[in-house]
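Structure assessment
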Amino acid sequence: MKRIFSLLAALCLLFSLCSSAMAAEKGNFSNFKAVNTYAYDSFADVSGWYAPYVSTVYTLGLMQGTTSEAGERMFNPNDSLSLAETITLACRIHSTYFNEPQEFTQGSPWYQTYIDYAVEHGILSSADEYTNYTQEATRAQFASILARTLPDEAYEEINTVELGAIPDVDMNQSYALSVYKLYRAGVLTGGEGGSFSPDASISRSEVAAVVGRIVQPSSRQSFTLYAPLYVGFTMDSANEGAVSITGLTMTTEGSTCFSF
């Protein structure tokens, strides 16, 4: 009887350990916990629409500020982010989500430890994915990195964003599906008409908003983007150029009409 009891106890312990390991491997947003205290005067240069997101990322220890010569704490919301800083941020998000506390001891260059971690965990395909990590990150590069920071289930689709609906994202570009993933998850919202501006840099205020929405899914934005309507047809040559359809823009090229 004692042997049976011991065996059952061992099996229960093994099951418990396996369950804990699987839970840790899966990751959880509940692992993001407050490590700093944010007050309205925590940063002298933070105000406006992005302030709640700055509060989130600072409280969770994901983004920090600097101290000015006058001794004021500054967030520098209009500054851009480098690729190295983007990778650093991605590593902090990943390690926290998967409950893998990392000290990330800075080396030479200072961001090498983050590059190594990013490669190990699939955030980067290789250390040579980018040739210059000190340069400004474009919005396309930022989206590519952040989309790979967490597993697909962490980016639950809440929006309908049809392929071709983001007007300035070429589906032939490697970053395209990453952008669509973040739009559909409500992490990115885009500008006028859903535009993304892939080649532009991204400001720290915008970064705070994106990261805040990633780590707090309840703050993600709901919207819908449909791809432009496209219809093509032919008509008799006698009617060339004589087509008029209310509510659609028509162009003609010989006997072929295009509707957008």
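Residues numbered from 1 in each chain as written. Predicted model: local features only at pLDDT ≥ 70, side-chain atom pairs only at ≥ 80, totals over all residues. Heavy atoms only, no water.

**What about helix α4 (residues 112-120)?**
Each full turn of the α-helix corresponds to 3.6 residues, which orients residues three or four apart in the same direction. Here is the rule we go by: Note on classification: 1.4 Å probe, protein chains only; a residue is buried when its accessible area is under 20% of the maximum for its type, exposed when over 50%, partly exposed between these limits. Counting from the N terminus, the helices are the DSSP runs of H or I reaching at least four residues and the strands are the DSSP runs of E reaching at least two. The reported arc concerns the directions from the helix axis to the C-beta atoms and nothing else. What makes two residues a contact is simply this: any of their non-hydrogen atoms within 4.5 Å.
Looking only at α4, the buried set comprises Tyr 114, Ile 115, Tyr 117 and Ala 118. Viewed end-on, α4 has its buried residues packed into an arc of 165 degrees, placing them on one side of the element. Looking at the packing, one finds that the buried side of α4 touches α3 (83-97). Gly 122 lies just past α4 and shows a positive phi near 80 degrees.

**Describing a nonpolar patch on the surface**
Spelled out, the test is: Patches in this entry comprise residues that are over 30% relatively accessible and not in a salt bridge; like charges within 9 Å are linked, as are nonpolar side chains (Val, Leu, Ile, Met, Phe, Trp, Tyr) within 5 Å. Note that accessible areas follow from Shrake-Rupley with a 1.4 Å probe, and for residues the cover is restricted to the protein chains shown. Any Lys or Arg side-chain nitrogen located within 4 Å of an Asp or Glu carboxyl oxygen qualifies as a salt bridge.
A contiguous nonpolar patch, built from Leu 163, Met 171 and Leu 177 and spanning about 300 Å² of accessible area, is present on the exposed surface. Following the sequence through the fold, Met 171 ends up in the loop between β3 (160-161) and α6 (176-184).

**Section: unusual backbone geometry**
Between Ser 108 and the following residue, Pro 109, the backbone shows a cis peptide bond with an omega angle of -5 degrees. Of note, Pro 109 is situated in the loop between α3 and α4. Notably, Asn 99 is not glycine yet its phi reads approximately 55 degrees, a positive angle. Along the chain, Asn 99 falls in the loop between α3 and α4.

**Looking at the packing of aromatic side chains**
The relative placement of two aromatic rings is captured by the distance of their centres and the angle of their planes. As a reminder, the rule being used: Pairing of aromatic rings covers Phe, Tyr and the six-membered ring of Trp, with a centre-to-centre limit of 6.5 Å; geometry is then stacked below 30 degrees between planes, edge-to-face above 60, and tilted otherwise. Two conditions define a charge sitting above a ring: the NZ of Lys or the CZ of Arg must be within 6 Å of the ring centre, and it must be within 35 degrees of the ring normal.
Inspection of the entire model under this criterion finds 17 aromatic pairs. Relative to Phe 98, the ring of Tyr 97 has its centre 5.0 Å away and its plane inclined at 85 degrees; by these criteria the two rings are edge-to-face. In this structure Phe 98 comes out as buried when scored by relative accessible area, which is 12%. Cluster of aromatic residues (ring-pair linked, three or more members): Phe 104, Trp 110, Tyr 111, Tyr 114, Tyr 117, Tyr 130 and Tyr 133. For Arg 139, the ring lying beneath its charged end belongs to Phe 196, and the centroid distance is 4.9 Å. One residue, Arg 204, lies across the ring of Phe 75, its end atom 4.4 Å from the ring centre.

**So, the pattern of salt bridges**
Across all of its chains, the model carries 3 salt bridges by this definition. The partner of Glu 129 in a salt bridge is Arg 148, and the shortest N-O contact between them spans 2.7 Å. Residue Glu 129 is found in the loop between α4 and α5 (139-147), and its partner Arg 148 is found in the loop between α5 and β3; the two are separated by 19 residues along the sequence. Of the charged contacts, one joins Asp 152 and Lys 181 as a salt bridge, the two residues approaching to 2.7 Å between their closest N and O atoms. Placement of the pair is Asp 152 in the loop between α5 and β3 and Lys 181 in helix α6, with a sequence separation of 29 residues. Asp 152 gets classed as exposed once you look at its relative accessible area, which sits at 52%. A relative accessible area of 24% places Lys 181 in the partly exposed class.

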